[in-house]
Amino acid sequence: MTPVELAEKLHARDVVLLAGRLFLSLIFVHEGLQLATHFEGAQKAMAALGFGTPLLIATIALQLGAGLSVALGILARLGAIGLGLFCLMTASLFHTNFASQNELLHFEKDLAIAGGMFILALSGAGRLSVDRVLTGFAKDTKIDPPIERHLSVGETSLPV
């Protein structure tokens, strides 16, 4: 048995995808929780940078929502695209002082995380995800979908 065959048999790809999803999402879930629990301080910091409270709330919602989406594998592709774009925006708005080694490092880190998110968006969450469980559950059930009745036509069709 070749190493590739062994890895396929052990579903190593899915384990690695799960670990990668968890590692990638950790920074966003953690930061979203930090911003939410220290809201007033974050609000002052955002105001000092010229950004208002609505953007702070949107940032917290994105970091927690998309971070959990990626971690759990619920619409992980969509969450990964959102977080990838967020990282590109963060890099271009906040980390452009390349004279500072620290700012350059943060810029490069944001680009690397964005790249990882875009790769995840292309590959999908894998078998070890909530979406996969729900899809498998839906395929196993033998319940017919509800039929919606259109009053104006008198016909029935499946809901879209």
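Below or above, wherever it landed, is the structure these notes cover. (Residues numbered from 1 in each chain as written. Predicted model: local features only at pLDDT ≥ 70, side-chain atom pairs only at ≥ 80, totals over all residues. Heavy atoms only, no water.)

### As for the nonpolar core
Moving on, step 1. Ranked by internal contacts, the top residues of the largest apolar core, which has 13 residues, are F28, V70, A80, L83 and M117.
Moving on, step 2. Residue contributions to this core peak at five residues, all from helix α6 (residues 101–123).
Moving on, step 3. Residues within four places of L83 in sequence aside, it is in contact with F28, L62, Q63, A66, G67, V70 and M117.
Moving on, step 4. Core analysis: the second largest hydrophobic core is formed by five residues, L35, A42, M46 and L56 among them. (Core = buried A, V, L, I, M, F, W, Y, C linked by side-chain atoms within 4.5 Å. Buried < 20%, exposed > 50% of the residue type's maximum accessible area, 1.4 Å probe, protein only. Helix = DSSP H or I, 4+ residues; strand = E, 2+ residues; numbered from the N terminus. Contact = heavy atoms within 4.5 Å.)

### Focus: unusual backbone geometry
Moving on, step 1. The backbone of L75 shows a phi angle near 50 degrees, a positive value even though the residue is not glycine.
Moving on, step 2. Look at L75 and you get exposed, because its relative accessible area is 53%.

### Quick notes on the pattern of salt bridges
Moving on, step 1. As enumerated under the stated definition, the model contains two salt bridges in all.
Moving on, step 2. With its nearest N and O atoms 3.5 Å apart, the salt bridge here joins D14 to R127. Residue D14 is located in helix α2 (residues 12–37), and its partner R127 is located in the loop between α6 and α7 (130–140); the two are separated by 113 residues in the primary sequence.
Moving on, step 3. R127 gets classed as partly exposed once you look at its relative accessible area, which sits at 41%. (Salt bridge = Lys/Arg side-chain N within 4 Å of Asp/Glu carboxyl O.)

Nothing here speaks to function; it is geometry throughout.
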